[in-house]
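Architecture at a glance
Chain by chain, the residues run as shown.
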Amino acid sequence: MARLGGSKWYSPQSPGGGSSSMSTSSESSSGGSQCYPALDLELLKIIWYHPNMNRNAAEHILIGTNKVGSYLLRNYSKGGPDDLTVSVKYPNDVKHFPVLWKGDGYLFGRHKFSNLGKLLEHFENIPALGTVERGTGGEVIQVELRYPYPRETFDDDKAYYGEISNHIESGARPADIHSAANEISDPNFEIRQKTGYLTKRGDRVKSWKSRWFVIQKNWMRYYSNKDSTTPKGIVDLSKALDCNADDTFANGFTLSVPKRVYYIQAASPEERESWMEMVRWKLDYYNPYRDKVESPKPLYT
């Protein structure tokens, strides 16, 4: 049985327009009956859930969108009856991330959500899955869950994609997809990462310098530039205390850790908000009891 809560991507009615009671079939958009054996119809209220779609079909569909960050939800063929998979369009392929039911919540990456509604709320915040190089020019982009692919869109596109199932069931596959390599089998993958340039004020020498920042898991590292392999500094966000906007300098914010405050400047108000949202999300996850520890006071010298 699916465990759901409220979300803007959650339709209050089942696909056939009736109640959400259990059934073995629902009405398709063409007016016919589409069979979902033993399926919890609560899942069908998620408008981007595709109950009869396998991995190969998901790859064809998402590549056809030509939008990095397009994604859909489907059943996890290698898991249990309540396990799901999020399939995501990357620049050069499609990757698949399991959503595993653990009896008391859904596990997506390292993070557990008490019900699918909570997970959908997380998706509404456009979470980042990580960074990847696009093409051969070395351009690094951040892949985010940005464009949910609705089931009704798939219904509208069936005339175009109608032969996909027969095509892929026969064993034919697109040349640029290697699906086995794209299955994220480790359930502990990190779903929140961020990279980019920020300007940081030095601790002892109060000069401002551009640094390449990388947030991954509970670590925030900063480097001289994005090609550097040796960090200039490392911050353990599980021990960080607070992150606040600081309008004493343009697009500024502070990160407080025991015995130190980091002064950081973004390129724009939007960039500042994006970085602060990421840092605060990490603090909430890795250090939820930080409010009991007094943060050091910013010093303007």
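Residues numbered from 1 in each chain as written. Predicted model: local features only at pLDDT ≥ 70, side-chain atom pairs only at ≥ 80, totals over all residues. Heavy atoms only, no water.

**Quick look at the side chain of His96**
The topology assignment puts His96 in strand β5 (residues 94–101). A distance of 2.9 Å separates polar atoms of two side chains, one belonging to His96 and the other to Glu59. Here the side chain of His96 touches Arg74 through a polar contact of 3.1 Å, side chain to side chain. (Helix = DSSP H or I, 4+ residues; strand = E, 2+ residues; numbered from the N terminus. Polar contact = N/O pair within 3.5 Å; in protein donor to acceptor, adjacent residues only side chain to side chain.)

**Observations concerning the environment of Thr199**
When you line up the elements, Thr199 lands in strand β11 (residues 193–201). Under the relative-accessibility criterion, Thr199 is labelled partly exposed at 23%. When the C-alpha atoms of Thr199 and Ser210 are compared, they prove to be 4.2 Å apart, with 11 residues separating the residues in sequence. The residues contacting Thr199, other than those within four sequence positions of it, are Trp208, Lys209, Ser210, Tyr263, Ile264 and Gln265. (Buried < 20%, exposed > 50% of the residue type's maximum accessible area, 1.4 Å probe, protein only. Contact = heavy atoms within 4.5 Å.)

**Let's talk about helix α1 (residues 55–65)**
Every α-helix winds through 3.6 residues per turn, so residues three or four apart in the chain are directed the same way. Of all the positions in α1, only Ala57, Ala58, Glu59, His60, Ile61 and Leu62 are classed as buried. The N-cap residue of α1 is Asn54: its side-chain oxygen and the backbone nitrogen of Asn56 are 3.3 Å apart. Of the residues one or two after α1, Asn66 is the one with positive phi, at around 60 degrees.

**Some details on the nonpolar core**
In terms of nonpolar packing, the biggest core is built from 25 residues, with Ile46, Leu84, Val86, Val88, Phe108, Phe123 and Leu145 touching the most fellow members. Among the elements that line this core, the one with the most residues is helix α2 (residues 116–124), at 4 residues. Counting 21 residues, the second largest nonpolar core, distinct from the first, contains Met220, Leu237, Ala266 and Met278. (Core = buried A, V, L, I, M, F, W, Y, C linked by side-chain atoms within 4.5 Å.)

**Let's talk about the confidence of the model for the protein chain**
Across the protein chain, the average pLDDT comes to 74, with 66% of residues at 70 or higher. Within the model, pLDDT remains below 50 along residues 12–39, and this stretch shows 46 contacts once partners closer than five positions in the same chain are excluded. (pLDDT = per-residue confidence, 0-100.)

**Quick notes on α2**
Of the residues making up α2, those classed as buried are Leu116, Gly117, Leu119, Leu120, His122 and Phe123. At its buried positions, α2 is contacted by β3 (70–75), β4 (84–89), β5, β6 (106–108), β7 (111–113) and α7 (269–286). Here α2 starts with a cap whose side-chain oxygen sits 2.9 Å from the backbone nitrogen of Gly117, and that cap is Asn115. Following α2 by one or two positions, Ile126 has its phi on the positive side, about 55 degrees.

**Let's talk about the pairing of strand β13 (residues 219–223)**
Pairing between strand β12 (residues 208–216) and β13: 5 bridges, direction antiparallel. Bridging from a neighbouring strand, Gln216 pairs with Trp219 of β13. In sequence, β12 turns back onto β13 through a hairpin of 2 residues, with Lys217 there showing a positive phi of about 55 degrees. Relative to strand β14 (residues 233–236), β13 runs antiparallel, the two sharing 4 bridges. Residue pairing in the sheet places Trp219 in a bridge with Asp236 of β14. (Pairing = 2+ DSSP bridges.)

**Some thoughts on the environment of Ile126**
One can find Ile126 in the loop between α2 and β8 (128–134). In this structure, the C-alpha to C-alpha distance between Ile126 and Arg146, residues 20 residues apart in sequence, is 5.5 Å.

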